[in-house]
Amino acid sequence: MIILDSSYASPEIVAYAAATPILDNDAARAASGCNEINLLSETAFADRLNAGARLYTTSENSLGWVLGHATNPDLRRAIALMKDKAALRESLAPLYPDYRFRVVDADDLASLDADDLCLPVVLKPAVGFFSVGVHIVETPEDWRAAVASIASLRTNWRNDFAAWVVDNTRFLIEEFIGGDEYAVDAYYDEHGEAVVVNILRHEFSSTADVSDRLYYTSPEIIRERAGEFTDYLNRVGERLGIRNFPLHLELRLSEKGIIPIEFNPLRFAGWCTTDLALFAYGFHTYGLYLENRRPDWDAVLKEKEGNLYSLVIFDKQSAGSASGFAWKKAAANFTEVLQTRVLGPDAPVWGFMFTRTPAASRGEIDAIIRSDLHEYLL
């Protein structure tokens, strides 16, 4: 079963959903257009959910509906744990006995002395999404700037996001861990075994960068990391007791091992960007989960050698008064654009581009990470 949300539903998931039960809501009706989809009333959908049917959502905005209708205590607990970074840290603390973190009310941030924080640290909402309110703090000056930024933007978050998506009242201060960052789409099957359906390397322009500009996958990444990340998720699953559950995990791989940044429940990469796996490897990640299938990586990767498949997120952070984005000009910088998705004017980003880059030409994706995007603004 799938819940579509108004934030974005890709043509790919709408096409897949033709034979899948979909919650009857405004977003589903708008997304379906002339396509026939299997709409179920709230009552019928909730009955199937509570009878044990697998559920996938395209957005965390749908979590309110799920929590309001799901009676399964294990499902409710898994959602609550994964959305609350502080609660999850506490649940996984036995796996990380030396990892430092604390939870602070937003109103108390300004009274904290940066010299008492064992810098560097990461400051972020205890319940968050899309790097909103995330700050890497290396100096007392960084701390003061981060606290001031949060104070000025908290009201905007309350207006832009539901409380279960971004919470502007509680913040997590945690030890900063260096290393390579990855995003993992995975699910737990009926036995609680983890199944990895895609792995993305998250690239940054600098150590201070917390943006979501670029993620990419490749046969090399899958072969190097799938086993390790599956083992890790199985250890997490043993502690949390999760079954029949999809998730999106962001993590750092450091000299201390795997350190989770956040778990996002009941979905894979947001705004349907999990479709990168479809463009790169030929399968729907949500289809694997809903149909209880595993990717045949040996077969899938044979034809993909020597390529990097990227998700480029064109943000509006430096957009100023720009009214549009030069998509064709941006596309000219890539070997092959697999798909472009333009979002509406109220979205926090211009949109997304899915690309294929020969490994020998990876300079084209390194360049877009460093770009301030000014040359593409209209």
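Everything in this summary refers to the structure shown in the same document. (Residues numbered from 1 in each chain as written. Predicted model: local features only at pLDDT ≥ 70, side-chain atom pairs only at ≥ 80, totals over all residues. Heavy atoms only, no water.)

### A closer look at the packing of helix H6 (residues 85-92) against helix H8 (residues 219-240)
Turning to step 1, where the next piece is worked out: For the pair H6 and H8, the least separation of the axes is 10 Å and the interaxial angle reads 95°. Considering the angle they form, H6 stands roughly perpendicular to H8. Residue-level contacts link Leu88, Ser91 and Leu92 of H6 to Tyr232, Val236, Arg239 and Leu240 of H8.
Turning to step 2, where the next piece is worked out: For the contact of H6 with H8, the per-class residue count stands at five nonpolar, one polar and one charged. (Axes fitted to C-alpha atoms, helices over the stretch in contact; angles between N-to-C directions. Helix = DSSP H or I, 4+ residues; strand = E, 2+ residues; numbered from the N terminus. Parallel < 35°, antiparallel > 145°, perpendicular 65-115°, else oblique. Contact = heavy atoms within 4.5 Å. Nonpolar A, V, L, I, M, F, W, Y, C, P; charged D, E, K, R; others polar.)

### Focus on the sheet that holds strand E15 (residues 336-342)
Turning to step 1, where the next piece is worked out: Strand order in the open sheet made by the eight strands is E13-E12-E9-E10-E11-E14-E16-E15, with antiparallel pairing throughout. Sheet topology places strand E13 (257-265) and E15 at the edges, where each strand pairs with a single neighbour. On average, adjacent strands in this sheet sit at an angle of 25° to one another, irrespective of strand direction.
Turning to step 2, where the next piece is worked out: Summarising the sheet, strand E14 (residues 307-315) and strand E16 (residues 349-358) pair through nine bridges and their orientation is antiparallel. Note on E16: the bridge partner recorded for phenylalanine 314 is glycine 351. (Pairing = 2+ DSSP bridges.)

### Notes on the pattern of salt bridges
Turning to step 1, where the next piece is worked out: Inspection of every chain in the model, using the stated rule, returns 23 salt bridges.
Turning to step 2, where the next piece is worked out: Ionic pairing is found between arginine 225 and glutamate 228, a salt bridge with its closest N-O pair at 3.0 Å. Residue arginine 225 and its partner glutamate 228 are located together in helix H8, separated by three residues, close to a single helical turn.
Turning to step 3, where the next piece is worked out: Judged by its relative accessible area of 32%, glutamate 228 is partly exposed. (Salt bridge = Lys/Arg side-chain N within 4 Å of Asp/Glu carboxyl O. Buried < 20%, exposed > 50% of the residue type's maximum accessible area, 1.4 Å probe, protein only.)

### As for the sheet that holds strand E6 (residues 121-125)
Turning to step 1, where the next piece is worked out: Taking strand neighbours across the sheet as the criterion, the four strands line up as E5-E8-E6-E7 in an open arrangement whose pairing is antiparallel. Here the strands that pair on one side only, and so sit at the sheet edges, are strand E5 (101-105) and strand E7 (135-137). The mean inter-strand angle of the sheet, taken between neighbouring strand axes irrespective of direction, is 25°.
Turning to step 2, where the next piece is worked out: Judged from the three bridges that link them, E6 and E7 form a sheet pairing that is antiparallel. Counterpart to valine 121 in the pairing with E7 is valine 137.

### Some thoughts on the layout of surface pockets
Turning to step 1, where the next piece is worked out: Of the volumes computed, that of the second largest pocket is approximately 250 Å³.
Turning to step 2, where the next piece is worked out: Lining the second largest pocket are 15 residues, with Asn72, Leu75, Arg243, Asn244 and Phe245 positioned closest to its centre.
Turning to step 3, where the next piece is worked out: Examining the composition of the lining of the second largest pocket, we find that three residues originate from one element, helix H5 (residues 73-83), more than from any other. (1 Å grid on protein atoms, 1.4 Å probe; cavity = no way out; pocket = protein on both sides within 12 Å on 5 of 7 lines; lining within 4 Å. Points joined across faces, edges and corners; volume = space filled by probe spheres on them.)

### A look at the side chain of aspartate 84
Turning to step 1, where the next piece is worked out: As for its position among the elements, aspartate 84 is in the loop between H5 and H6.
Turning to step 2, where the next piece is worked out: Overall, the relative accessible area of 16% leaves aspartate 84 in the buried class.

### Notes on empty space enclosed by the protein
Turning to step 1, where the next piece is worked out: In total, this model carries four cavities of 30 Å³ or more according to the counting rule given.
Turning to step 2, where the next piece is worked out: Its volume calculated, the second largest cavity comes out at about 60 Å³.
Turning to step 3, where the next piece is worked out: Elements represented by at least two residues in the lining of the second largest cavity include exactly H6 and E13.

### What about the environment of arginine 356?
Turning to step 1, where the next piece is worked out: Residue position: arginine 356 is located in strand E16.
Turning to step 2, where the next piece is worked out: Residue class for arginine 356 comes out partly exposed when judged on its relative accessible area of 22%.
Turning to step 3, where the next piece is worked out: Sequence separation between arginine 356 and glutamate 336 is 20 residues, and the spatial gap between their C-alpha atoms is 5.2 Å.
Turning to step 4, where the next piece is worked out: Here asparagine 307 takes part through its side chain, which lies 2.7 Å from a polar atom of the side chain of arginine 356.
Turning to step 5, where the next piece is worked out: Reaching out from arginine 356, the side chain makes a polar contact with the side chain of glutamate 336 at a distance of 2.6 Å. (Polar contact = N/O pair within 3.5 Å; in protein donor to acceptor, adjacent residues only side chain to side chain.)

### Quick look at H6
Turning to step 1, where the next piece is worked out: In terms of burial, H6 is a largely internal element, six of the eight residues being buried.
Turning to step 2, where the next piece is worked out: If you check which residues of H6 are buried, you get Lys85, Ala86, Leu88, Arg89, Ser91 and Leu92.
Turning to step 3, where the next piece is worked out: The inward-facing, buried residues of H6 contact H5, E5, E6, strand E8 (170-175), H8 and E13.
Turning to step 4, where the next piece is worked out: Taking the backbone nitrogen of alanine 86 as reference, a side-chain oxygen 3.0 Å away marks aspartate 84 as the first, capping residue of H6.

### Focus on the pairing of E15
Remark: a regular strand shows side chains that alternate across the two faces of the sheet.
Turning to step 1, where the next piece is worked out: The sheet contact formed by E15 and E16 spans six bridges and is antiparallel. Bridging from a neighbouring strand, threonine 340 pairs with methionine 353 of E16.
Turning to step 2, where the next piece is worked out: Counted between consecutive antiparallel strands, the loop separating E15 from E16 contains six residues.

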